[in-house]
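Here's the letter readout for the chains.
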Amino acid sequence: MLYLVLAIPLLGSVVLAFTGQHDGAREINVAFSLGTFLATCALTAEVISGGPLFAWNREFYIDPLNVFLLTLTAFVGLTTAIFSRPYMRVERDHGKMTPNRMRLYHSMYQLFNFTMLIALMTNNLGILWVAMEAATLTTVVLVSVYRTPASLEAAWKYFILCGVGIAQALFGTVLLYMAAEKVIGTEGGALLWTNLDAVKAQLDPGIITLAFAFLFIGYGTKVGLVPMHNWLPDAHAEGPTPVSAVLSGLLLNVAVYALLRCKVLTDGALQNPLAGQLMMGFGLLSVLVAAFFLSRQKDVKRMFAYSSIEHMGLITFAFGMGGPIANYAGLLHMSVHSLIKSGIFFAVGHATQKAGTQVMEDIRGLIKVSPTVGWGMMLGSLAILGMPPFGVFASEFLILTTAMREQPWATPFLLLALGVAFASVFSRVQPMVFGETSVKPLRHPPALIPVFVHLGLGLMLGLYIPPYLDAWYRHAARMIGG
Amino acid sequence: MTGLGVASQLLEIVMALLLAPLLSGWINQCRAWLQNKSGAGLLQPYRMLHKLFNKESLISEHASPLFRGAPYIVFGCMALASAIIPTLSTDLPLSPAADAIALVGLFAVARVFISLAAMDVGTSFGTFGARREMLIGFLAEPALLMVLFSASLISKSTSLTTIVETLAHRHLAIYPSLALAGVAFTMVSLAENARVPVDNPATHLELTMIHEALILEYSGRHLALLEWAASLKLFAYSCIGLALFFPWGVAEAEAPLALLLAMPVLILKLAIGGVLLALLETLSAKMRIFRVPEFLATAFLLAVIGMLVSILLGQ
Amino acid sequence: MMSELVGQLINLLAAILLMLSFAMISQRRILSLIHLFTAQGAILVAATLLVGYATHQPHLYVSAGITLVLKVILIPLLLHRVINRLDVRWDVETLINIPMTMIIGIALVIFAFNLALPISKLSVSIARGTLGIALACVLLSFMMMITRSKAVPQVIGFLSMENGLFFAATSATYGMPMVVELGIALDVLVGILILGVFMFHIREEFDSLDISHLEKLRED
């Protein structure tokens, strides 16, 4: 089943590389994503009933931490594929997508999903790095798919910044390998996470400190932590909206996941809270800086990109605090943020297509022309800002209360940042949704199912967490420890 | 001090004085060959020296005694420098004076005097030559010191004889720091000896010359001494390079046979070095004067990195 | 004796690698940059082969082969094609003047050496001393990417950083596992292809390969 999860998107990218320019390609894309999603569901069922799973010489490893991210990734991959069906049709009608670009887009989309799934499932930290780099490459292509000067600029910056950042992570991986080799020996997979986890207490603290510093810079760049965040708003704003949705919903999550894997090892080796402190510090900085940048945005996609930085900072902060409750909150926040933020991007995508612009001042009165899109955006924004009863409220509440108890100094900053973010996002979304209309209806009906499914799931996670999901979260939170 | 020591010291001085013009002639000859010219012959520098010594020395009426004295001081410095560098043997009566810092100091004294003398008569060429010479000097000297320090880190001493003895005696060992220092040293030598990327010894094109501008006012025996000193300087630098980076074949104490053997080995090494220098000069183009500080800063940094590397690798 | 000599040779190659990195940050001409990059790749191949020979790790021969094909032959060839097609052989301007760059470079080298010194003592590899040099190369290339305003030198900086990382892996741990190394090589190759295509697009859209044109997107 595990191989099927990887084989479907890979096959999809090959098939779409040849057929991606045809009209039916959008449906094929959805079909492959659906296949991937079903396969991950089956895999999840297998893990639930049978416990952690190894495959292919222990190179792949599914445990409670990555299995729920896997399902989430496949799910968002599927809904984004559904959303991109009408979205890309409009883009084609506007002449922004030629058949060749369409082919590139579809093929790269599947390849991106493939790299994300590999990064999640691999047990080998080296392969994790390779998959992260490959994910960078595929998204660089996706961001630049319009070939406009702005998108080229965004893609170039994205590549250079993330390339440099992720190179630091490779150096960190080399150092980690060096430390592990002394304990495990050259034979028998000194880069396998499970092996490292077993001997983490014996790893040399000096090397691990340095290794974590490099890994943190490297994967932190990918998470979009301030001050390595510059690529993120550009890449979100200039690429096609489905790409913005998967960047925020999937790529950032997977980068956080990579960071978590490294943190578990570092905590075990160091016996001091250095990794957690680093994560808290940079997480808090990201929350603050992003909140203040939020208030200055004019472009709607840029604004929500900064909101992603803010939430990634919050998640990093939560995992930095550590402990079962904060980890639980971090995991929950990862899931709801991923669902709601991609949902928002779906709504934003339709809204910008209707208005023909991404400048917020020129988007007005969505609710009159297209009530569903307007409500989607309004509810999504409220959800992401942490209004009850959505899931973000639950996780932010948990993070804040834990912070008050364990890191009281940080609480005022967090509250301030959340307040600023609320004021700036809400004051901009409100006139876009209500007010005098300037938008015109489009020929193709919007794909509203993804938006509301995402929002519905986010709402559900705020009200009720199914017991098996709850058990997973608890288990994963215990694993992360800290 | 032994009789043999005195003998080898004398031999070294005489050899330096005699061989230095030959080395210049050899390099010029190689350069001519590489440029498909026939060349003036190996003995041309001797002929030139002979001619200049027999000519009357004209001196400007504004010149001070400094102007007359400078050629002798410069020549003396260069002769002493070639004498203390352990080229043939490490057992020399003057070897206690052969300290790396003293050596750099000797070159600096010569530089100061020739620059003062160039400004003495008050011509504009002399002044700008002096300015450029000082510009090169203030960057080249620290670089040279760093090169010598890299080598002295290995032998834990700044005495040239100790350095050469240490380097020559270890069985084959590769020092990465010396590779970096070697490149830096080559760059410094090119600048100090007015060779091609920095200065062109074969031209009197007024806007680009450095060394020639300095000695423009000299004639007759003074000019001969300065030319001779220049070739001695080149000889001395070549010998430092050989002593630091290719120290094999240098005679030890109390070994007359080794001393005899050391001579042809040295000549062979110098000949090869001369070919390489000519090749380097032919292949590179003269750089703009503004680029020279950059060139020398690179040399300095390379020498510093050499030292850092030797600390890192713990050799 | 023999392994001692090989160890020293590896150190020598490391020193040359560092020297080449310095030469790259002080170099103005793109063509020379490419030559330096090729030389760096060749030194890397030699060092990998030597480490492989000294430690009897046959998989290092394979990785040396990959480096040879990729970094000494294929990528320089691609870069030559790109600069010929775009005709950008001569113009390289730096954002900070070169002596200043070099002084910062020296500071970076000292920083890297300091960082690596305590760690390399813990390694059992024969080339452990060179970890500091590898880190210095990485940081120097990093700086090169920051101080260059043109696309091609930035890419070369990126690639030379990859070289430094590769050297770090070889010297500190006798190379990563084969799967990982193949993956990295594939990433680098695909990355350079994408960047190559990008350069043509950037040229088309901006009429220049000067990255300073790429500053429309920023916070104001």
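Looking up chain C in an unreviewed UniProt entry gives the name Hydrogenase-4 component E, with the organism given as Candidatus Accumulibacter phosphatis. UniProt lists a comment for chain C under the heading Subcellular location (unreviewed entry), and it reads "Cell membrane".

Chain B appears in an unreviewed UniProt entry as Formate hydrogenlyase from Candidatus Accumulibacter contiguus. Chain B has a UniProt comment under Subcellular location (unreviewed entry) that states "Membrane".

(A) Main features of the overall build of chain C. Across its full length, chain C carries 7 helices and 0 strands. For chain C, the succession of helices and strands along the chain, N to C, is α-α-α-α-α-α-α. Out of the 220 residues belonging to chain C, those deemed buried represent 63%. Across chain C, the fraction of contacts at a sequence separation of at least 24, relative to all contacts at a separation of at least 6, is 76%. Here chain C displays about 8200 Å² of accessible surface, and carbon together with sulfur accounts for 67% of that area.

(B) Looking closely at unusual backbone geometry. The peptide bond linking A:V226 to A:P227 adopts the cis configuration, its omega dihedral lying at 5°. Within the secondary structure, A:P227 sits in the loop between α8 (205–223) and α9 (231–238). For the bond running from A:P388 to A:P389, omega is 10°, close enough to zero to count as cis. Structurally, the position occupied by A:P389 is in the loop between α15 (371–384) and α16 (391–406). One non-glycine residue with positive phi stands out, namely B:A194, at about 55°. Mapped onto the elements of the fold, B:A194 is located in the loop between α7 (176–192) and α8 (211–214). Relative accessible area serves as the criterion here: at 10%, B:A194 is assigned to the buried category. A positive phi angle is found at C:H56, which is not glycine, with a value near 55°. Structurally, C:H56 is set in the loop between α2 (30–55) and α3 (58–86).

(C) Examining the environment of A:A7 more closely. Along the polypeptide, A:A7 turns up in helix α1 (residues 2–19). Separated by 377 residues in sequence, A:A7 and A:I384 have C-alpha atoms that sit 34 Å apart.

(D) Seen up close, the packing of helix α3 (residues 65–84) of chain B against helix α9 (residues 220–245) of chain B. Residue and element names in this part refer to chain B. Direction vectors running N to C along α3 and α9 enclose 25°, while the axes themselves pass 9 Å from each other. Regarding the angle of α3 to α9, the classification is roughly parallel. Between α3 and α9 the crossing geometry is left-handed. Mapping the contact onto sequence places R68, P71, Y72, V74, F75, M78, A79 and S82 in α3 and R221, H222, L225, L226, W228, A229, L232, K233, F235 and A236 in α9.

(E) Molecular detail of the pattern of salt bridges. Under the defined criterion, the tally for this structure stands at 18 salt bridges over all chains. A salt bridge links A:D63 to A:R261; its shortest N-O distance comes to 3.1 Å. Of this pair, A:D63 sits in the loop between β2 (60–62) and α3 (64–93) while A:R261 sits in helix α10 (residues 241–270), and the two are 198 residues apart along the sequence. Given a relative accessible area of 0%, A:D63 falls into the buried group. The class of A:R261 is buried, set by a relative accessible area of 4%. The salt bridge involving B:E192 is made with B:K233; its shortest N-O contact spans 3.3 Å. With B:E192 in helix α7 and B:K233 in helix α9, the pair connects residues that are 41 residues apart, well separated along the chain. B:K233 sits in the buried class, given a relative accessible area of 11%. One connected set of salt bridges, linked through shared partners, spans B:R111, B:E133, B:E141, B:E192 and B:K233.

(F) Quick look at a nonpolar patch on the surface. Residues and elements named next belong to chain B. A surface patch of nonpolar side chains, amounting to about 600 Å² of accessible area, comprises L34, L268, I272, L276, L279 and L283. Residue contributions to the nonpolar patch peak at 5 residues, all from helix α10 (residues 256–283). Locating L268 in the fold gives a position in helix α10.

(G) Representation of the nonpolar core in the model. Core analysis: the largest hydrophobic core is formed by 364 residues, its most contacted members being A:L175, A:Y219, A:L331, C:L18 and C:F113. Examining the composition of this core, we find that 21 residues originate from one element, helix α6 (residues 149–184) of chain A, more than from any other. Excluding anything up to four places from it in sequence, A:Y219 contacts A:L125, A:L128, A:W129, A:M132, A:I166, A:A169, A:A255, A:A258, A:L259 and A:C262.

(H) Region of the structure containing the UniProt feature "transmembrane region" (unreviewed entry) in chain B. Residues and elements named next belong to chain B. Annotation from UniProt places "transmembrane region" (unreviewed entry) at residues 6–27, 69–88, 100–122, 134–154, 174–191, 234–251, 257–280 and 292–313. Within residues 174–191, the helical portion is 89% and the strand portion 0%, while the C-alpha atoms at the span's ends are 27 Å from each other. Counted over residues 257–280, helix gives 100% and strand 0%. Its end C-alpha atoms are 35 Å apart.

(I) Spotlight on the interface of chain C and chain A. Listed by partner, the interface residues are 46 residues for chain C and 49 residues for chain A. Between chain C and chain A, roughly 4300 Å² of surface is buried when both sides are summed, and carbon and sulfur atoms account for 76% of that area. Applying the counting criterion to the chain C and chain A interface returns 0 salt bridges. Joining chain C to chain A, the criterion identifies 2 residue pairs in polar contact (both at pLDDT 80 or more). Within the residue set of the side of chain C that touches chain A, elements represented by two or more residues are α4 (98–120), α5 (131–147), α6 (151–173) and α7 (178–206) of chain C.

(J) Here's a closer look at the interface of chain C and chain B. Across the boundary between the two partners, chain C contributes 24 residues, which contact 22 residues of chain B. Carbon and sulfur atoms supply 81% of the area that chain C and chain B bury against each other, a total of about 2100 Å² over both sides. Our count for the contact surface shared by chain C and chain B stands at 0 salt bridges. Those elements giving two or more residues to the side of chain C that touches chain B turn out to be α1 (2–25), α4 and α5 of chain C.

(K) Region of interest: the UniProt feature "transmembrane region" (unreviewed entry) in chain C. All names here are of chain C. Under the UniProt annotation, "transmembrane region" (unreviewed entry) lies at residues 6–26, 33–54, 60–83, 95–116, 122–143, 155–176 and 182–202. In the segment residues 60–83, helix accounts for 100% and strand for 0%; the C-alpha atoms at its two ends are 32 Å apart. The distance separating the terminal C-alpha atoms of residues 182–202 is 30 Å; by composition the span is 100% helix and 0% strand.

(L) Broad picture of the arrangement of the chains. When the 2 pairs of chains in contact are ranked by number of contacts, first place goes to chains A and C. The two units chain A and chain B remain apart, with a minimum C-alpha distance of 17 Å.

(M) Up close: helix α4 (residues 99–121) of chain A. Taking 1.5 Å per residue as the helical rise, α4(A) with its 23 residues ought to reach 33 Å, and the 33 Å between its terminal C-alpha atoms agrees with that figure. With 17 of 23 residues buried, α4(A) lies mostly within the body of the structure.

(N) Main features of the packing of helix α13 (residues 324–355) of chain A against helix α18 (residues 448–463) of chain A. All names here are of chain A. For the pair α13 and α18, interaxial distance at closest approach is 8 Å and the crossing angle is 155°. One finds that α13 runs roughly antiparallel with respect to α18. Helix-helix and strand crossings are classified by hand; for α13 and α18 the assignment is left-handed. From α13, L332, S335, V336, L339, I340, S342, G343, F346 and A347 reach across to α18, where they touch P450, V451, H454, L455, L457, G458 and L461. When its residues are assigned to classes, the contact of α13 with α18 shows 11 nonpolar, 5 polar and no charged.

(O) The confidence of the model for chain C, seen in detail. Taken residue by residue, chain C gives an average pLDDT of 83. The fraction at 70 or more is 87%. Quick note on the complex model: pTM equals 0.87, ipTM equals 0.91.

(P) Geometry of the environment of C:A169. Relative to the helices and strands, C:A169 is located in helix α6. Accessibility expressed as a relative area gives 5% for C:A169, which makes it buried. Once the C-alpha coordinates of C:A169 and C:Y53 are considered, the two residues, 116 residues apart in sequence, prove to be 16 Å apart. Ignoring any residue separated from it by four or fewer positions in sequence, one finds C:A169 in contact with A:V174, C:Y174, C:G175 and C:M176.

(Q) Structural view of the packing of aromatic side chains. Residue and element names in this part refer to chain A. Throughout the structure, instances matching the rule amount to 27 aromatic pairs over all chains. Centre to centre, the rings of F422 and F426 are 5.6 Å apart; their planes meet at 15°, and the pair counts as stacked. Highlighted residues: F422 and F426, both in helix α17 (residues 411–433), separated by 4 residues, approximately one helical turn. When its relative accessible area of 28% is taken as the criterion, F426 is described as partly exposed.

(R) Highlighting helix α2 (residues 44–53) of chain B. All names here are of chain B. The complete set of buried residues in α2 reads P45, L49 and L52. Projected down its long axis, α2 shows its buried positions confined to an angular sector of 70°, all on one face. On its buried face, α2 sits against α1 (3–34) and α9.

About the thresholds
- Residues numbered from 1 in each chain as written.
- Chains lettered and ligands numbered in written order.
- Predicted model: local features only at pLDDT ≥ 70, side-chain atom pairs only at ≥ 80, totals over all residues.
- Heavy atoms only, no water.
- UniProt positions renumbered as here; feature names shortened; annotations may be inferred.
- Helix = DSSP H or I, 4+ residues; strand = E, 2+ residues; numbered from the N terminus.
- Buried < 20%, exposed > 50% of the residue type's maximum accessible area, 1.4 Å probe, protein only.
- Contact = heavy atoms within 4.5 Å.
- Areas by Shrake-Rupley, 256 points an atom, 1.4 Å probe, with all protein chains shown as cover.
- Axes fitted to C-alpha atoms, helices over the stretch in contact; angles between N-to-C directions.
- Parallel < 35°, antiparallel > 145°, perpendicular 65-115°, else oblique.
- Left-handed = near helix turned anticlockwise from the far one by under 90°.
- Salt bridge = Lys/Arg side-chain N within 4 Å of Asp/Glu carboxyl O.
- Patch = residues over 30% accessible without salt bridge, like charges linked within 9 Å, V, L, I, M, F, W, Y side chains within 5 Å.
- Core = buried A, V, L, I, M, F, W, Y, C linked by side-chain atoms within 4.5 Å.
- Buried area = accessible area lost by both parts, 1.4 Å probe.
- Polar contact = N/O pair within 3.5 Å; in protein donor to acceptor, adjacent residues only side chain to side chain.
- Expected span 1.5 Å × (residues − 1).
- Nonpolar A, V, L, I, M, F, W, Y, C, P; charged D, E, K, R; others polar.
- pLDDT = per-residue confidence, 0-100.
- Phe/Tyr/Trp six-rings, centres within 6.5 Å; stacked < 30°, edge-to-face > 60°.
- Arc of directions from axis to C-beta.

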